[in-house]
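# Coordinate inspection notes
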Amino acid sequence: MNTDKFLVREGAKLALKKHATDFTGDYTDKKQAEKDLARNIERLGKLQDVMYAQDVYSLLIIFQAMDAAGKDGAIEHVMSGINPQGCHVVSFKQPSSEELDHDFLWRCQKALPERGKIGIFNRSHYEEVLVVRVHPGILQSQNLPQSVKDDRGVWKKRFKAIRDWEDHLAENGTHIIKFFLNVSREEQKNRFLSRINEPDKNWKFSMGDVKERALWDDYMKAYTEAIEATSTKAAPWYVIPADKKWFTRLAISAIVVEKMQSLGLHYPVVTDAHRTELAEAKKLLESEKP
Ligand code: ATP
Ligand code: MG
């Protein structure tokens, strides 16, 4: 799959309207896509095993999207082949009072994956330039210095803080990829309706989601600016078509596999001393009486 199509290059403009939400490339139905997804899931499991053994790199995968775009399902499917010990999912909701007593990157810094692991952020620090931007009252209610609340350049400064932080992480071995699941307004409506109509899905529905939907254009503007300002070589954004869940999952799996393959992962090199130790252990074990 040519995943370049979804990549937002550093410094490039993003016209979300030009990104078809129902794009499925060469795939006409989900059968072939599911086969390819299964292959990628298997590859991911193996790559993660090497990453864990090497204990040098970690991968942080960030998911951002409007409600019902399929973040949860994508995380569940794409990560299904990974050893649960090698993967850590963190969901970011409205900040707690403890979190609000720190800078906006603090809770994310605390949740970063250790070397060798894959960390997944289901929502992230980007909420601080998305929902907080769309609802100016949120910034005003945070315990920030008044000069920050009054600063018209606050979003630009936050973009820079995010870029610098992500650069620093990549430089130190935590590689980052960021996915915006691009669902259409129409498809979101259908998914909300099925959450209302199907009893098993009722629990997923919240009236608040419908209220946020009314602010769709403001959100798209905030997403566009945030993605343009923070897609970098070290931490690129991908805009993933999200109207067809099977394609979303396949595209994400392909990008994660590519990223992990690009890290040049390898199992730790066995030293001469360790090799001697292995040979000794083998001798001991084989000479044991039954
Ligand atoms: P789902 O609805 O699929 O279960 P979700 O990620 O939408 O998943 P919710 O509990 O519905 O989870 O929503 C979390 C809410 O928290 C979102 O509306 C999000 O915008 C909000 N949120 C996250 N981070 C922040 C933040 N830093 N400031 C304010 N609101 C935030
Ligand atoms: Mg929600």
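Everything below is about the structure shown above.
Below you will find a few notes about this structure. (Residues numbered from 1 in each chain as written. Chains lettered and ligands numbered in written order. Predicted model: local features only at pLDDT ≥ 70, side-chain atom pairs only at ≥ 80, totals over all residues. Heavy atoms only, no water.)

### Examining helix H1 (residues 30-54)
At 3.6 residues per turn, the α-helix brings residues three or four places apart onto the same side. With 25 residues, H1 should reach 36 Å at 1.5 Å per residue; the first-to-last C-alpha distance of 35 Å fits that figure. Ala-33, Asp-36, Leu-37, Asn-40, Ile-41, Leu-44, Gly-45, Leu-47, Gln-48, Val-50, Met-51 and Gln-54 are the residues of H1 that are buried. Lining the buried residues of H1 we find strand E2 (58-65), helix H2 (71-78), strand E4 (118-122) and helix H12 (245-262). A distance of 2.6 Å separates the backbone nitrogen of Lys-31 from a side-chain oxygen at the start of H1, and that oxygen is part of Asp-29. (Helix = DSSP H or I, 4+ residues; strand = E, 2+ residues; numbered from the N terminus. Expected span 1.5 Å × (residues − 1). Buried < 20%, exposed > 50% of the residue type's maximum accessible area, 1.4 Å probe, protein only. Contact = heavy atoms within 4.5 Å. Polar contact = N/O pair within 3.5 Å; in protein donor to acceptor, adjacent residues only side chain to side chain.)

### Points about the sheet that holds E4
Within the open sheet, the six strands sit side by side as E1-E6-E5-E2-E4-E3. Their pairing is mixed. A single partner strand is all that each edge strand has here, and the edge strands are strand E1 (7-8) and strand E3 (87-91). Examined bridge by bridge, E3 and E4 share five bridges and lie parallel to one another. Across the sheet, residue Val-90 finds its bridge partner in E4, namely Phe-121. Those strands touched by H12 are E2, E4, strand E5 (174-182) and strand E6 (237-241), and its axis lies near 165° from that of E5. (Pairing = 2+ DSSP bridges. Axes fitted to C-alpha atoms, helices over the stretch in contact; angles between N-to-C directions.)

### Quick look at the packing of aromatic side chains
In this structure the tally under the stated criterion is 11 aromatic pairs. Note on Phe-63 and Phe-179: the rings are 5.5 Å apart at their centroids and 35° apart in plane angle, and the pair reads as tilted. Taken together, the residues span a long stretch of sequence, with Phe-63 in strand E2 and Phe-179 in strand E5 at a distance of 116 residues. Each member of the pair Phe-63 and Phe-179 is classed as buried. With 5.9 Å between their ring centres and 40° between their planes, Phe-179 and Tyr-238 make a pair best called tilted. Of this pair, Phe-179 sits in strand E5 while Tyr-238 sits in strand E6, placing them 59 residues apart in sequence. Since its relative accessible area comes to 11%, Tyr-238 is described here as buried. An aromatic cluster of at least three residues, connected via ring pairs, comprises Phe-6, Phe-23, Tyr-27, Trp-246 and Phe-247. Here Arg-158 stacks its cationic end above the ring of Phe-104, 4.6 Å away from the centre of that ring. (Phe/Tyr/Trp six-rings, centres within 6.5 Å; stacked < 30°, edge-to-face > 60°. Lys NZ or Arg CZ within 6 Å of the ring centre and 35° of its normal.)

### Some words on the side chain of Asp-209
Following the sequence through the fold, Asp-209 ends up in helix H10 (residues 207-213). Despite its burial, Asp-209 pairs with no opposite charge, the nearest such side chain being Arg-195 at 4.3 Å. Apart from the residues lying within four places of it in its own chain, the contact partners of Asp-209 are Asp-67, Phe-192, Arg-195 and Lys-204. (Lys, Arg positive; Asp, Glu negative; His and termini not counted. Salt bridge = Lys/Arg side-chain N within 4 Å of Asp/Glu carboxyl O.)

### Notes on the pairing of E2
Buried residues dominate E2, accounting for eight of its eight residues. Covered by surrounding structure in E2 are Ser-58, Leu-60, Ile-62 and Gln-64 together with Leu-59, Ile-61, Phe-63 and Ala-65, the residues of both alternating faces.

### Quick word on the site of ligand 1
Neighbouring ligand 1 are 13 residues; Asp-67, Lys-71, Arg-123, Glu-127 and Glu-128 lie closest to it. Lys-93 places a side-chain nitrogen or oxygen 3.1 Å from an oxygen atom of ligand 1. Within the side chain of Arg-107, a nitrogen or oxygen atom sits 3.1 Å from a nitrogen atom of ligand 1. Protein burial of ligand 1: of its 630 Å² of free accessible surface, 78% is covered by the chains. (Near = heavy atom within 4 Å. Areas by Shrake-Rupley, 256 points an atom, 1.4 Å probe, with all protein chains shown as cover.)

### Some details on the pattern of salt bridges
Taken as a whole, this structure holds 15 salt bridges when the rule is applied. Here Glu-99 ties to Arg-107 by a salt bridge, and the two come within 3.1 Å at their closest N and O atoms. Overall, Arg-107 belongs to the buried group, its relative accessible area being 12%. With its nearest N and O atoms 2.7 Å apart, the salt bridge here joins Lys-160 to Asp-164. Of the two residues, Lys-160 and Asp-164 are both situated in helix H8 (residues 154-171); the distance of four residues between them amounts to about one turn of the helix. Its relative accessible area of 45% is what places Lys-160 among the partly exposed residues. Several salt bridges share partner residues, and in doing so they unite Asp-67, Arg-123 and Glu-127 into one network.

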